[in-house]
Amino acid sequence: MRAINWGPTHSITELFSGCSVLDCSNHGGVIVSRETLHTHVYFEKLKLLDLSKFELESGDYAFEQDCDSSIVLALIPRDILKSHYDYCSTESGYKEFQNSCLDIIKNFNPEIYSAIFE
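Residues numbered from 1 in each chain as written. Predicted model: local features only at pLDDT ≥ 70, side-chain atom pairs only at ≥ 80, totals over all residues. Heavy atoms only, no water.

(A) Molecular detail of the state of the cysteines. All chains considered together, the criterion is met by zero disulfides. The thiol sulfur of cysteine 67 is not disulfide-bonded, and the nearest other cysteine sulfur, from cysteine 101, lies at 12 Å. Under the relative-accessibility criterion, cysteine 67 is labelled partly exposed at 25%. (Disulfide = S-S within 2.5 Å. Buried < 20%, exposed > 50% of the residue type's maximum accessible area, 1.4 Å probe, protein only.)

If you want it as structure tokens, here you go:
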């Protein structure tokens, strides 16, 4: 699987069905299937937003690492993330990660931050 121009994929971590993190040569990020984005409870708040800038030709969504993937990762509970990322294994580590995601969203996607976190 190749996403946009992120380069060859080194690894894919499926967080849950329809939501995967890709580590690629040039970049990476989170790919969320169209169905998952529009139906999964974690992404309830995103359904009302115009996310067309993240939409792929396939109808799935690509959130590039850091500045855009934080939108998705900030909405995923610790119980899911802790089994994939050591820094989310403790409540304090997860809280620090989530705060970092929120700061990134606030800086790079302030309209999304305002719509779903305020």
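(B) Up close: the environment of cysteine 24. Assignment of secondary structure puts cysteine 24 in strand S2 (residues 19-24). Each C-alpha atom, one on cysteine 24 and one on threonine 9, is 4.2 Å from the other, the two residues being 15 residues apart in sequence. Ignoring anything within four residues of it in the chain, the contact list for cysteine 24 reads Trp6, Gly7, Pro8, Thr9 and His10. (Helix = DSSP H or I, 4+ residues; strand = E, 2+ residues; numbered from the N terminus. Contact = heavy atoms within 4.5 Å.)

(C) How the structure looks around the sheet that holds S2. In space, the four strands of this open sheet follow the order S1-S2-S3-S4, with antiparallel pairing throughout. The open sheet terminates on both sides in strands that have one partner only, identified here as strand S1 (9-16) and strand S4 (61-64). Sheet twist, expressed as the mean angle between neighbouring strand axes with direction ignored, is 25°. In the sheet, S1 pairs with S2 via six bridges, with the strands oriented antiparallel. Residue pairing across strands places isoleucine 12 opposite leucine 22, the latter belonging to S2. (Pairing = 2+ DSSP bridges. Axes fitted to C-alpha atoms, helices over the stretch in contact; angles between N-to-C directions.)

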